[in-house]
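Chains, contacts and geometry: an overview
Next come the chains, spelled out residue by residue.
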Amino acid sequence: MSPDATPPVAKIVDWGKYNYQRTKQLQKSKRSTKTLEMKQMRFGLKISENDFNVKLKKVISFLDAGHKVKILVVYRGRELAHKELGFKLAERVISQLGESASVDQLPQLSGKQLNLVVRSNHAKVKNT
């Protein structure tokens, strides 16, 4: 501890106790951090108004919990010929979410799915 003293002073550490305290501290810090998940919601192209509203409420509850939400617009069969309908549905979801959410990833078509990612502007982070 003090190498300049005469005689030099050193502290002898119990390695087992030190290692135990370090692992306990790491576990405690790991518990206190919240891992954010990426939730996912699938929308069909021919979704009814009520189903749309139910899924939108679920997306809003995910955003309020602090999660990012990946929204998938799924094309089936000949629906792929009308890609613009999926983009309209994605814009409708974004407009319904309004100011409470912001778009992390703009809608992009990949295969038979249109993907976009939204996150909350003001997430309620719970400390457990």
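Residues numbered from 1 in each chain as written. Predicted model: local features only at pLDDT ≥ 70, side-chain atom pairs only at ≥ 80, totals over all residues. Heavy atoms only, no water.

Quick look at the pattern of salt bridges now. Per the stated rule, a full pass over the model turns up 5 salt bridges. Glutamate 37 serves as the salt-bridge partner of lysine 39, at 3.5 Å between the closest nitrogen and oxygen. Exposure remark for lysine 39: the relative accessible area of 22% places this residue in the partly exposed category. Classification of glutamate 37 as partly exposed rests on a relative accessible area of 45%. Linking arginine 119 and aspartate 104 is a salt bridge whose minimum nitrogen-to-oxygen distance equals 2.6 Å. Of this pair, arginine 119 sits in strand E4 (residues 113–120) while aspartate 104 sits in strand E3 (residues 101–110), and the two are 15 residues apart along the sequence. (Salt bridge = Lys/Arg side-chain N within 4 Å of Asp/Glu carboxyl O. Buried < 20%, exposed > 50% of the residue type's maximum accessible area, 1.4 Å probe, protein only. Helix = DSSP H or I, 4+ residues; strand = E, 2+ residues; numbered from the N terminus.)

Under the counting rule described, the total for this entry stands at 2 aromatic pairs. Relative to tyrosine 18, the ring of tryptophan 15 lies with its centre 5.4 Å away and its plane at 40°, an arrangement referred to as tilted. Taken together, the positions of tryptophan 15 and tyrosine 18, both in helix H1 (residues 15–32) and 3 residues apart, correspond to about one turn of that helix. Assessed through its relative accessible area of 55%, tryptophan 15 is described here as exposed. On the accessibility criterion, tyrosine 18 (40% relative accessible area) is partly exposed. Judged by centre distance (5.7 Å) and plane angle (50°), the ring pair of phenylalanine 43 and phenylalanine 52 falls under tilted. Its relative accessible area of 1% is what places phenylalanine 43 among the buried residues. (Phe/Tyr/Trp six-rings, centres within 6.5 Å; stacked < 30°, edge-to-face > 60°.)

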